[in-house]
Amino acid sequence: MTYIVLIAVIGILLLQWTGAIPLDSVGGALVIATGVLAGTLAVAIHEAWVKKRGVLGWIVNVVVSFAGALLIAPLGGMVMVMLLVPFVNGSTSLAAAGGPVMSVALAGQMVIALLGSWGGLWLVNRWR
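In short, a report on the structure. What you see is a predicted model, and the numbers here were worked out from it, not measured in a lab. (Residues numbered from 1 in each chain as written. Predicted model: local features only at pLDDT ≥ 70, side-chain atom pairs only at ≥ 80, totals over all residues. Heavy atoms only, no water.)

**Section: the packing of helix α2 (residues 26-50) against helix α5 (residues 99-127)**
- Interhelical geometry of α2 versus α5 gives an angle of 35 degrees and a closest axis separation of 10 Å. Considering only the axes of α2 and α5, their crossing is right-handed. Only Met102, Leu106, Met110, Ala113, Leu114, Ser117, Trp118, Leu121 and Asn125 of α5 make contact with α2, whose side of the interface consists of Ile32, Gly35, Val36, Gly39, Thr40, Val43, Ala44 and Glu47.
- Of the residues contributing to the contact of α2 with α5, the split by class is 11 nonpolar, five polar and one charged. (Axes fitted to C-alpha atoms, helices over the stretch in contact; angles between N-to-C directions. Helix = DSSP H or I, 4+ residues; strand = E, 2+ residues; numbered from the N terminus. Left-handed = near helix turned anticlockwise from the far one by under 90°. Contact = heavy atoms within 4.5 Å. Nonpolar A, V, L, I, M, F, W, Y, C, P; charged D, E, K, R; others polar.)

If you want it as structure tokens, here you go:
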């Protein structure tokens, strides 16, 4: 599972470093959300594969994984903003600050969202 987090963080950072995340439009948020959802899908598939779930188990895993990530991701974004505001140096946002501040925010957001995904799966697995 740590490999999924590592690959997801490297992937989102590569998107930022190559300039694939536009910083001045809604497209940037959509690219970031697509990366987070791809990581969440990887978590759901990995857990279903390892636990040898049936068809219904796969569906439940995907739904619960997305729900966990989508519930925790906004909180993760808020936490990253609160932690990194002192480092924006007069910029209006983390995206405007760019550079290492944006990289840390993206990596932290990805880790927090995937932890939310795993948390949802852990909670449902306790009920199974």
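**A look at α2**
- Under the 1.5 Å per step criterion, the end-to-end length of α2 is 36 Å for 25 residues, consistent within 8% with the ideal 36 Å.
- Those residues of α2 not exposed but buried are Gly28, Ile32, Gly35, Val36, Gly39, Thr40, Val43, Ala44, Glu47 and Ala48.
- Residues of α2 that are buried sit in contact with α1 (2-17), α3 (55-84) and α5. (Expected span 1.5 Å × (residues − 1). Buried < 20%, exposed > 50% of the residue type's maximum accessible area, 1.4 Å probe, protein only.)

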